[in-house]
Structures are given as C-alpha cells and as structure tokens.
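The primary structure of each chain is shown beneath.
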Amino acid sequence: MTIATDRAVSAHHAVPQAIEIRAFDGPVGAEVLGLDLSQPLAAEDFARIHRAHLDHHVLVFRDQRITPEEQIAFSRRFGPLQIHVLHQFQLSGHPEVLIVSNIVEDGKPIGLGDAGHFWHSDLSYKETPSLGSMLHAQELPSEGGDTLFANMHLAWDTLPAHLRTAVEGRSAEHTYLAKYAELQKRSPWRPNLSAEQIAQVKPVVHPVVRTHPETGRKALFISEHFTTRIIGLPEDESQQLLEELFAHSVRPEHLYTHKWAEHDMVFWDNRSLMHLAAGTPDHLRRKMYRTTIEGDVPF
Ligand code: SIN
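Residues numbered from 1 in each chain as written. Predicted model: local features only at pLDDT ≥ 70, side-chain atom pairs only at ≥ 80, totals over all residues. Heavy atoms only, no water.

- An unreviewed UniProt entry lists the protein under the name Taurine dioxygenase, from Paraburkholderia phenazinium.
- Recorded in UniProt under Sequence similarities (unreviewed entry), the annotation for the protein is "Belongs to the TfdA dioxygenase family." (UniProt positions renumbered as here; feature names shortened; annotations may be inferred.)

Okay, structure coming up:
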C-alpha cells in the first residue's frame, strides 16, 4: 500500500515545526515534541513522523487540543480509514471515529466499554488488518486506564528455537467472534450482532509470522483476543502452541505501558505490536476517540 503523501494544498501552506523525537528508555515507543497536530503538517514533518512510527512503533503526542475532524485528517495521511463493525459506538457524524468509553448515559453506553481487554492487534480479523490506530484522550480517570503495548518484532526475534520451528510457514485463523460471547457475559450492554454485522467479520487466515511491509522486519502475528487456531494442527496442539506464543509475546521486557495524560494522542503500529487496555475502575469515567488506518494483506 502507498502511504499518502502531503496533499498539495496543505503541503504548500504548511510551515515546518520544530519537532524532536525522543525515544523511550525501553523496548518500544517515543515521544514527539514540538508538533501541534491542529496545524497543517509540512511534507518534511510528515516524513519524520512516518519514519519515527516505523522505528518506534508507538508515538506519543502530548497535549493535543484537536477536534475529531483534525484527528481524522491526520489519520488519513497514513491511509484510508476503517469503520468499526460496532456502528453503535461511532461518533455522531464521524463514522471513522470509534468511541472507546465506559461511560453510561441515560442507561445507554456511549462507547465500547471493554475495548482492548484481551491482547490484540486491531482488526486482525479482517482480510486487510489495520496499519495503525490513533487514540485521543477525551476524558481520563484519576487512576487506571493504562494501555500496554507488546513489541511483536522482539517477540519473534527472541522466540525459542523450538517455537520458531513450530510456527515457521504456518497460518492461523483470526475471528472477531472468538471472545464475543465471553465479553457479552461480562458486559451485558454489548450489543447482539445483526446478520449484516456477522457477515462483515467472517473468519480470516493470516501467517503466524508476518513481514512488516515497510521495514521488512518479521513479527509474530497472533493474539489472545482474535486468534483461534493454527491451521493444520490438531486442536490440543494448536491451543498449546498459541498459549506458549501468547505468554512469550507479553514478557515484561517486550512491553511499554502508556499512562495517559490529558489530551494525549497515541499512534501505534498494529503490524508491529499487540496492545491491551488495562481497565478502569467502574466508578471512574474514561472516554477516548479511536481512528483506525487500513493496512495491507499480511504476508
Ligand atoms: C483499543 O483496544 O483500541 C483500546 C485501547 C484502550 O482503550 O486503551
């Protein structure tokens, strides 16, 4: 897939900003300083952000006072946006924005309250899973609400030899419905899916080890949430192998924990990472806006 370059108009008028990319002291992530995402992005700034995203996999932009339209516009610079199957939780007038929130108003949830409660890579259950996602903090709890990221390149690089041999050349099935019934039991407000929604999320098969289409690096591409089985293995062997792969992927040395601050915008690479929402105490409110950029068919 081609990454969208600057639109002619914005590139023409945009003034380069004094950006600094500061890598975290850890296995993944960097903070981008000096960039105001409400301003048009100059071509050279876009190129730096794009490069930093490939190098660090998670970018944190602090204190971004941006509108949903500005989040959508910035997200579109990286590719077309994907619309989440749970249309019940789209931001009104902006189907590209999924509301991730535990807030209930007038007896109705305003967003997907339990999004990300199992490790996953966004939309891995689609033929073309997501390139990356952006999450913009709207309302944060006074405690909890962290997001964890696991570096799946490191997970592959450090995978013990016997597991490498077991997965090389293998494919696995990913299904949106894998944990849906379990999540509905925990969160009774989770809607029943219509026949049309179920038709949008038919199981798909992807390689267990994928190659990043832009950097060429290999990454494990399985998740606790959506991967149901490894093709061609008996069920018990497949489950055992998946459990070992999950456990290895989320070893502490592969992780970054993002502690949210007001107006943070976080942009991660779903081709390189899994992520997990650590959870928010029920009595506290959390509201985030998520945009999801379409990627390639994994290979
Ligand atoms: C998600 O899985 O996209 C949501 C993550 C979060 O709310 O921290």
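That was the structure; now back to the text.
1. Describing the site of the ligand
Right, so step 1: For the ligand, the full set of nearby residues is Val100, Gly116, His120, Asp122, Leu135, Thr147, His275, Ala277, Arg286 and Arg290.
Right, so step 2: The separation between an oxygen atom of the ligand and a polar side-chain atom of Arg286 is 2.8 Å.
Right, so step 3: Summarising the interface, the protein chains cover 100% of the accessible area of the ligand, which totals 260 Å² for the free molecule.
Right, so step 4: For the shell around the ligand, the residue count by class is three nonpolar, four polar and three charged. (Near = heavy atom within 4 Å. Polar contact = N/O pair within 3.5 Å; in protein donor to acceptor, adjacent residues only side chain to side chain. Areas by Shrake-Rupley, 256 points an atom, 1.4 Å probe, with all protein chains shown as cover. Nonpolar A, V, L, I, M, F, W, Y, C, P; charged D, E, K, R; others polar.)

2. Re the sheet that holds strand β4 (residues 90-91)
Right, so step 1: Read across the sheet, eight strands follow the order β1-β2-β3-β16-β8-β18-β5-β4 without closing on themselves; strand pairing throughout is mixed. Here the strands that pair on one side only, and so sit at the sheet edges, are β1 (20-23) and β4.
Right, so step 2: Sheet topology places strand β8 (residues 130-139) next to strand β18 (residues 287-294); eight bridges connect them, and they run antiparallel. Across the sheet, Ala137 pairs through a bridge with Met288, a residue of β18.
Right, so step 3: Taken strand by strand, helix α2 (residues 43-56) contacts β1, β2 (30-33), β3 (58-61), β8 and β16 (265-269), and its axis lies near 130 degrees from that of β3.
Right, so step 4: Docked against the sheet, helix α3 (residues 68-76) engages β3, β4, β5 (94-101), β8, β16 and β18, running at close to 25 degrees with respect to β18. (Pairing = 2+ DSSP bridges. Helix = DSSP H or I, 4+ residues; strand = E, 2+ residues; numbered from the N terminus. Contact = heavy atoms within 4.5 Å. Axes fitted to C-alpha atoms, helices over the stretch in contact; angles between N-to-C directions.)

3. Brief notes about the side chain of His53
Right, so step 1: By secondary structure assignment, the location of His53 is in helix α2.
Right, so step 2: Setting aside chain neighbours within four positions, we find His53 in contact with Leu59, Leu131, Phe267, Trp268 and Asp269.

4. Notes on the sheet that holds strand β15 (residues 255-258)
Right, so step 1: Within the open sheet, the three strands sit side by side as β15-β9-β17. Their pairing is antiparallel. Looking at the sheet topology across the chains shown, the edges are occupied by β15 and β17 (273-277). Across the sheet, the mean angle from the axis of one strand to that of its neighbour is 20 degrees, orientation sign disregarded.
Right, so step 2: One ladder, built from five bridges, connects strand β9 (residues 147-151) with β17; its direction is antiparallel.

5. Focus: the confidence of the model for the protein
Right, so step 1: Within the protein, residue pLDDT values average 94, and 96% of them lie at 70 or more.
Right, so step 2: Counted against residues more than four places away or in other chains, residues 4-10, with its pLDDT under 50, gives 14 contacts. (pLDDT = per-residue confidence, 0-100.)

6. Quick word on α2
Every α-helix carries 3.6 residues per turn, so stepping three or four residues along brings you back to the same face.
Right, so step 1: In this model α2 runs 20 Å from its N-terminal to its C-terminal C-alpha over 14 residues, within 8% of the 20 Å that 1.5 Å per residue would give.
Right, so step 2: On its buried face, α2 sits against β1, β2, β3, α3, β8 and β16. (Expected span 1.5 Å × (residues − 1).)

7. Concerning the pairing of β3
Right, so step 1: Neither face of β3 is exposed, since Val58 and Val60 on one face and Leu59 and Phe61 on the opposite face are all buried.
Right, so step 2: Taken together, the three bridges between β2 and β3 define a ladder with parallel strand orientation. Across the sheet, Glu31 pairs through a bridge with Val60, a residue of β3.
Right, so step 3: With four bridges connecting them, β3 and β16 associate as antiparallel partners. Opposite Phe61, over in β16, you have Met265 as the bridge partner. (Buried < 20%, exposed > 50% of the residue type's maximum accessible area, 1.4 Å probe, protein only.)

8. Brief notes about helix α8 (residues 235-249)
Right, so step 1: In this model, α8 (15 residues) spans 21 Å end to end at C-alpha, consistent with the 21 Å of a helix rising 1.5 Å per residue.
Right, so step 2: Buried-residue contacts for α8 involve β9, α4 (152-157), α5 (161-167), β13 (218-220), β14 (227-230) and β17.

9. Focus on the pattern of salt bridges
Two side chains bearing opposite charge may form a pair once their charged atoms approach each other closely.
Right, so step 1: A full pass over the atoms with the stated rule returns 17 salt bridges.
Right, so step 2: In this structure, Arg51 and Asp55 form a salt bridge, with 2.9 Å as the shortest nitrogen-oxygen distance. Taken together, the residues Arg51 and Asp55, both in helix α2 and four residues apart, mark about one turn of the helix.
Right, so step 3: Note on Arg51: relative accessible area 44%, which makes it partly exposed.
Right, so step 4: On the basis of relative accessibility, which here comes to 41%, the residue Asp55 falls in the partly exposed class.
Right, so step 5: Where Arg285 meets Glu139, a salt bridge forms, and the shortest distance between an N and an O atom there is 2.6 Å. Here Glu139 lies in strand β8 and Arg285 lies in the loop between β17 and β18, a separation of 146 residues in the sequence.
Right, so step 6: A relative accessible area of 39% means that Arg285 is categorised as partly exposed.
Right, so step 7: Here the residues in one salt-bridge network are Glu31, Arg62 and Asp264, joined through shared partners. (Salt bridge = Lys/Arg side-chain N within 4 Å of Asp/Glu carboxyl O.)

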